[in-house]
Amino acid sequence: MIEGLLTALGPMHLLWLFLGVSSGILVGAIPGLGGGMLMALALPLTFSMAPVDAILLLIGMHVGSVSGGLISATLLQMPGTPSSVMTTFDGYPVARNGHPERALGLGIGSSLIGGLLAGVALAALAPPLSYWALKIGPWELSALILCALVLVAIIAQGSMLKGLFSATLGIIAALPGLAESDGQLRYTFGSDDMTAGFRLLPVLLGVFVISQLLKESDKALGSASVIRLGRRFSFPGLQDWGSHWVNLLRSSIIGTFVGILPGVGASISSMVAYGMARTFSKTPERFGTGHDEGVMASEAANNANVGGAMIPLITLGIPGAPVDAILLGAMVMHQIQPGPLLFTANAGLVWAMIAGYFIANLLMFGLMLAGYRSLARIITIPAHYLVPVVFVFCLIGAYSIGNRLFDVWVMIGFGVLGYALDKARVPLGPFIIGFVLATPFESELRTALQLSDGSLLAIVDHPLALAFVVLAAVMLILPLLRSGKGAAAPAIAAIEKPE
Amino acid sequence: MFDPVGSAALPIACAITLLLLGAGVLVQTRLQRHSGQLPEVATRGNTRLATIALLALMIAYLLAMHLGIRFSLATTGFVALAIPLICQRLSVLPLAIPIAFILGFGSEWLFTSVFFVDLPGTR
């Protein structure tokens, strides 16, 4: 560990980490551009670099982009990255209520805490967890995804039917294309472009960014809903952090744990943490109206997810999320084979990566505090300038994933759908949750049922899977019981509230 | 049986669920309206003509690139028209045109020459 720390602290390594974190924050803060795109664009640039430098640059970008998303989520109500979607629900209302600095401070501080706690988990638990993660099977994964789908109902409480409607629509949007389980084509209508179905990035950009751009142009002439910052920055005090330590710890653990599981990215971890924070909160009715707990849960979890996702990446060679697949690709391109042998064959590099992750979080904290005003200025451009520019970046992002205009059409199509759903007061968050989870849920459930000859009762042989199902049931019932006492209120409604 | 669920199971389940939920939402809305919890017409403001025009402009922008117009030219045209359209003031045009040029030609140069990313009409 010390050797790795010394390696990561080398001046050149620090420089690459600094460049990675700062570019990640900048790109993460701009709606429509994400860490995945930045890392993919940077990948060819790393060919001539030393492996450690390249990996540290990409880790810095990953950490920076996940954190940078909170700035536009808080000040613009546009999540800079998918992982900061939940931050919009409470970060934006806190900022709109006259405390933008506080909202940013809570987000930045929670990101650091979540990131560092995940780093501790990464350093301490990587070897034993790699052994445990090998035992995660299709029953456990499908049960976990079911748990996340139940959360759709929880976060859409108050308009549960519309939330479920939105989630089902999201699942349906994920159905076209090649079915993972049996390789059959569904709903492609003979189009080659539809073979891969609707890709995640165009759908995300459409539902969350394009619909927001259309909404922006719907408002009064030249208005921009960017929240202006005050003159003084008041970072939340120790009392603020102390009174929410349980929420921070729980959200960081959730973020780390969800990150470890393959295919479940930072956006899901922040959704799960947000839902849990609301479920266990003494004031659940304040969620969605500008509650500190909501901002903390979302930001601690999404940053912790980055560290958590590095555990299976390093120890098993399994990417925790699509972005981690880019990191995995970079490692392979630099002749580093991730997996259980990496610890013994290249321990110095592994510990340098872990130390680099810690340093990236510290750099993120410093850079975000030092540069949040400049970043806010970048996004405090009047709407009539911002809308076309963001659209062009979205177009580049959607086009560059497959070099085809079809993805841009998909983006616009889902943008119009998101705009229409928003007009009908249907929450957009569950749509994305359904879209993201549909494929892995179907695939894992079908595999599990194949293994048990179609018997659902086989779940009793899988205690962890059973625990997830019980947890899902508890999460579904608990808010219903609370609603009887008048505690529940729409959390997700924050994103659909008129200005 | 090798695959007891099959490819059609989830789409069918989703279709039934969507129908039931849609019916539920309709009933809920009617009940809320009946009990006075919702106004007779619960809309969130009319869609501005500018929004429809912007959507049409986005589609025209994409069609232009489908027809083979370079990204830089199409983007310059789109941005130069979109800014005054959203703002509904021609006075922003002197600033909109340089922004459009910088974004159109600048981003094409940056992405194709620095990041080596293909853009529509640049291959």
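In every chain, residue numbers begin from 1 and rise along the written sequence. All chains are assigned letters beginning at A, and all ligands numbers beginning at 1, according to the order in which they are written. For a predicted model such as this one, the threshold for reporting local features is a pLDDT of at least 70, and the threshold for listing and counting side-chain atom pairs is 80 or more; totals across whole chains, interfaces and linings nevertheless cover every residue. Water and hydrogen atoms play no part in the side-chain values, which are based on all heavy atoms of the structure.

Caption draft 1: Just the overall build of chain A, in detail. Secondary structure elements are defined from DSSP: runs of H or I of at least 4 residues count as helices, runs of E of at least 2 residues count as strands, and each element is numbered from the N terminus. Of regular secondary structure, chain A possesses 20 helices and two strands. Taken as a whole, chain A presents about 17,100 Å² of accessible surface, with 69% of it coming from carbon and sulfur. In these tables, accessible area is a Shrake-Rupley quantity obtained with a 1.4 Å probe, and a residue counts as shielded only by the protein chains included in the view.

Caption draft 2: Representation of the overall build of chain B within the structure. Assigned secondary structure in chain B consists of four helices and zero strands. For chain B, the exposed area adds up to about 7,100 Å²; of that, 72% sits on carbon and sulfur atoms.

Caption draft 3: Focus on the nonpolar core. All names here are of chain A. Membership of the largest hydrophobic core comes to 58 residues, with the highest contact counts inside it found for L58, I59, I314, M353 and Y357. Mapped by element, the contributors of at least two residues to this core are α2 (11–29), α3 (35–42), α4 (51–75), α6 (100–133), α13 (292–315), α14 (322–333), α15 (342–345) and α16 (347–379). The element contributing the most residues to this core is α16, with 14 residues. The contact criterion used throughout is that any non-hydrogen atoms of two residues lie within 4.5 Å. Residues contacting I59, with those up to four places away along its chain left out, are M310, L327, M353 and Y357. Put simply, buried Ala, Val, Leu, Ile, Met, Phe, Trp, Tyr and Cys residues joined by side-chain atoms within 4.5 Å make one nonpolar core. Accessible area is worked out with a 1.4 Å probe on protein chains only. A residue is then buried under 20% of its type maximum, exposed over 50%, and partly exposed in between. Core analysis: the next-biggest nonpolar cluster, separate from the first, contains 49 residues, A174, V258, V272 and A438 among them.

Caption draft 4: Structural view of unusual backbone geometry. Residue and element names in this part refer to chain A. You will see that Y187, though not glycine, has its phi angle at about 50 degrees, which is positive. Along the chain, Y187 turns up in the loop between β2 (185–186) and α9 (200–218). Look at Q335: it is not a glycine, yet its phi comes out positive at around 60 degrees. Note that Q335 resides in the loop between α14 and α15.

Caption draft 5: Layout of the confidence of the model for chain A. Residue and element names in this part refer to chain A. Confidence of the predictor in every single residue is expressed as pLDDT, which spans 0 to 100. Looking at chain A as a whole, its pLDDT mean stands at 80, while 83% of the residues score no less than 70. The least confident element of chain A is helix α1 (residues 2–8), whose mean pLDDT is 70; the most confident is helix α18 (residues 406–423), at 92. Within the model, pLDDT remains below 50 along residues 220–224, and this stretch shows 11 contacts once partners closer than five positions in the same chain are excluded.

Caption draft 6: Broad picture of the pattern of salt bridges. Residues and elements named next belong to chain A. One side-chain nitrogen of Lys or Arg within 4 Å of one carboxyl oxygen of Asp or Glu is enough to make a salt bridge. By the definition in use, this model includes nine salt bridges over all chains. Residue E442 pairs with R186 through a salt bridge whose shortest N-O separation is 2.8 Å. With E442 in helix α19 (residues 429–451) and R186 in strand β2, the pair connects residues that are 256 residues apart, well separated along the chain. On the basis of relative accessible area, E442 is assigned to the buried category, the value being 9%. Among the residues examined, R186 registers a relative accessible area of 8% and is labelled buried. Connected via shared salt-bridge partners are D193, R199, R404 and D407.

Caption draft 7: Region of the structure containing the confidence of the model for chain B. All names here are of chain B. Residues of chain B with pLDDT of at least 70 account for 88%, and the chain-wide mean is 84. The lowest-confidence element of chain B is helix α1 (residues 9–34), averaging 86 in pLDDT; the highest-confidence one is helix α3 (residues 71–87), averaging 93. Of the two predicted TM-score estimates for the complex, the pTM is 0.70 and the ipTM is 0.91.

Caption draft 8: Molecular detail of a nonpolar patch on the surface. Residue and element names in this part refer to chain A. Surface patches are drawn from residues lacking salt bridges whose relative accessible area is over 30%; two like charges belong together within 9 Å, two nonpolar side chains (Val, Leu, Ile, Met, Phe, Trp, Tyr) within 5 Å. Residues L117, W245, V246, L249 and I253 make up a contiguous nonpolar surface patch of about 470 Å² in total accessible area. Per-element tally for the nonpolar patch: the top contributor is helix α11 (residues 245–260), with four residues. Along the chain, the position of W245 falls in helix α11. The exposure class of W245 is exposed, given its relative accessible area of 54%.

Caption draft 9: Just the packing of helix α5 (residues 85–96) of chain A against helix α12 (residues 266–280) of chain A, in detail. Residue and element names in this part refer to chain A. An axis is simply a line fitted to the C-alpha atoms; with a helix, the fit covers only the stretch in contact. Between two such axes, the angle follows the N-to-C directions and lies from 0 to 180 degrees. With their axes 8 Å apart at the nearest point, α5 and α12 run at an angle of 45 degrees to one another. With respect to their mutual orientation, α5 and α12 come out oblique. Residues M86, F89 and D90 of α5 lie in contact with α12, whose contacting residues are S270, M271 and Y274. The residue inventory of the contact of α5 with α12, partitioned by class, reads four nonpolar, one polar and one charged. Should an angle lie under 35 degrees it is considered roughly parallel, over 145 roughly antiparallel, and from 65 to 115 roughly perpendicular; all remaining angles are considered oblique. Three residue categories are used. Nonpolar comprises Ala, Val, Leu, Ile, Met, Phe, Trp, Tyr, Cys and Pro, charged comprises Asp, Glu, Lys and Arg, and polar comprises the others, including Gly.

Caption draft 10: Up close: the packing of aromatic side chains. Residues and elements named next belong to chain A. Any Phe, Tyr or Trp ring, taking Trp's six-membered ring, that has another such ring centre within 6.5 Å forms a pair; planes under 30 degrees apart are called stacked, those over 60 apart edge-to-face, and the others tilted. Within the structure shown, the criterion is met by 10 aromatic pairs over all chains. Ring geometry for F198 against F414: centres 5.1 Å apart, planes inclined by 80 degrees, an arrangement best described as edge-to-face. Of this pair, F198 sits in the loop between β2 and α9 while F414 sits in helix α18, and the two are 216 residues apart along the sequence. Judged by relative accessible area, F414 falls into the buried class, the value being 9%. Measuring from ring centre to ring centre gives 6.0 Å for F414 and F431, while their planes differ by 55 degrees; the resulting arrangement is tilted.

Caption draft 11: A look at helix α8 (residues 160–173) of chain A. Residues and elements named next belong to chain A. Relative to the 20 Å expected for 14 residues at 1.5 Å per residue, α8 spans 20 Å between its end C-alpha atoms, a close match to the ideal helical length. By the criterion of burial, α8 is predominantly enclosed, with 10 of the 14 residues buried. Buried residues of α8: K162, G163, F165, S166, A167, T168, L169, G170, I171 and A173, and no others. Here the expected length of a helix is defined as 1.5 Å per residue gap, with one fewer gap than residues.

Caption draft 12: Just the interface of chain B and chain A, in detail. Facing 57 residues of chain B, the contacting portion of chain A comprises 54 residues. Inspection of the region where chain B meets chain A yields zero salt bridges. For this analysis, a polar contact is any N or O atom pair within 3.5 Å, provided that within protein one partner can donate a hydrogen and the other can accept it, and provided that sequence-adjacent residues contribute only side-chain to side-chain pairs. Taken together, the connections running from chain B to chain A amount to three residue pairs in polar contact (both at pLDDT 80 or more). No other element matches helix α2 (residues 49–66) of chain B, which puts 11 residues into the side of chain B that touches chain A.

Caption draft 13: Structural context of α9 of chain A. The terminal C-alpha atoms of α9 of chain A lie 26 Å apart, and with 19 residues this matches the ideal 27 Å at 1.5 Å per residue to within 8%. The buried fraction of α9 of chain A is high, at 17 of 19 residues.

Caption draft 14: Focus on the side chain of S270 of chain A. Secondary-structure assignment places S270 of chain A in helix α12. When near neighbours in sequence (up to four residues on either side) are disregarded, S270 of chain A contacts S83, M86, S298, A301 and N302 of chain A.

Caption draft 15: The arrangement of the environment of G413 of chain A in detail. Relative to the helices and strands, G413 of chain A resides in helix α18. As a C-alpha pair, G413 of chain A and I210 of chain A span 203 residues in sequence and 9.3 Å in three-dimensional space.

Caption draft 16: Region of interest: the packing of helix α17 (residues 383–400) of chain A against α2 of chain B. For the pair α17 of chain A and α2 of chain B, interaxial distance at closest approach is 13 Å and the crossing angle is 40 degrees. With respect to α2 of chain B, the axis of α17 of chain A lies oblique. As for how α17 of chain A packs across α2 of chain B, the hand of that crossing is right-handed. Contacts between α17 of chain A and α2 of chain B involve V387, F391, V392 and L395 of chain A from the former and L54, M58, Y61, L62 and M65 of chain B from the latter. Among the residues making up the contact of α17 of chain A with α2 of chain B, the classes are represented as nine nonpolar, no polar and no charged. What makes a crossing left-handed is the near helix being turned counterclockwise from the far one by less than a right angle; a clockwise turn instead makes it right-handed.

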